[in-house]
Structure formats: structure tokens, C-alpha cells
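Okay, here's what each chain looks like letter by letter:
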Amino acid sequence: MIQVYSVLGGIPAYLEQFDPDIDVATNIERHVLSKGASLYEEPESLLKQELRDPST
């Protein structure tokens, strides 16, 4: 649980996407590091919400 919390920060929407039957490393590969995965685009999306011009 500590590893999952460390990666996802305890955000419920992110936690729902991780499969508890699969190890943490595989979940990270599938849901965070794979292009097109649900959490792959999340950092850019969050920056766009917080900043008007993310290129600066």
C-alpha cells in the first residue's frame, strides 16, 4: 500500500485504476508509463489546468 500511495498520492480516482490483483510495477507500466494509458497524460493535463501557458 505504501508503494501505491507513493506513486498515486492517495487520489481516489487514480487508485480506482490500479488493479489490486497485479503487482505495483506492472500497474505502473500499464497505467502510468504506457502511451495512451489513463494516467500517462495526467501531468500535462494538470499543468494545463494550473498554468495559462505551460510552455513557459
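As the structure is a computational prediction, the values presented were derived from the model and not from experiment.

Cut-offs used in this document
- Residues numbered from 1 in each chain as written.
- Predicted model: local features only at pLDDT ≥ 70, side-chain atom pairs only at ≥ 80, totals over all residues.
- Heavy atoms only, no water.
- Helix = DSSP H or I, 4+ residues; strand = E, 2+ residues; numbered from the N terminus.
- Buried < 20%, exposed > 50% of the residue type's maximum accessible area, 1.4 Å probe, protein only.
- Contact = heavy atoms within 4.5 Å.
- Areas by Shrake-Rupley, 256 points an atom, 1.4 Å probe, with all protein chains shown as cover.
- 1 Å grid on protein atoms, 1.4 Å probe; cavity = no way out; pocket = protein on both sides within 12 Å on 5 of 7 lines; lining within 4 Å.
- Points joined across faces, edges and corners; volume = space filled by probe spheres on them.
- Nonpolar A, V, L, I, M, F, W, Y, C, P; charged D, E, K, R; others polar.

Draft legend 1. Representation of the overall build of the protein within the structure. If you tally the helices and strands in the protein, you get four helices and zero strands. Moving toward the C terminus, one meets the helices and strands of the protein in the order α-α-α-α. With respect to the three principal axes, the spread of C-alpha positions in the protein is 40 × 20 × 15 Å. For the protein, buried positions account for 18% of its 56 residues. The contacts in the protein between residues at least 6 apart in sequence include a share of 12% that link residues at least 24 apart. Total accessible area on the protein is roughly 4600 Å²; 55% of this is exposed by carbon and sulfur atoms.

Draft legend 2. Layout of the layout of surface pockets. Here the largest pocket is characterised by a volume of approximately 150 Å³. Around the largest pocket sit Met1, Val4, Leu15, Phe18, Asp19, Pro20, Ile22, Asp23, Val24 and Asn27, which together line it. Considered class by class, the residues forming the lining of the largest pocket number seven nonpolar, one polar and two charged.

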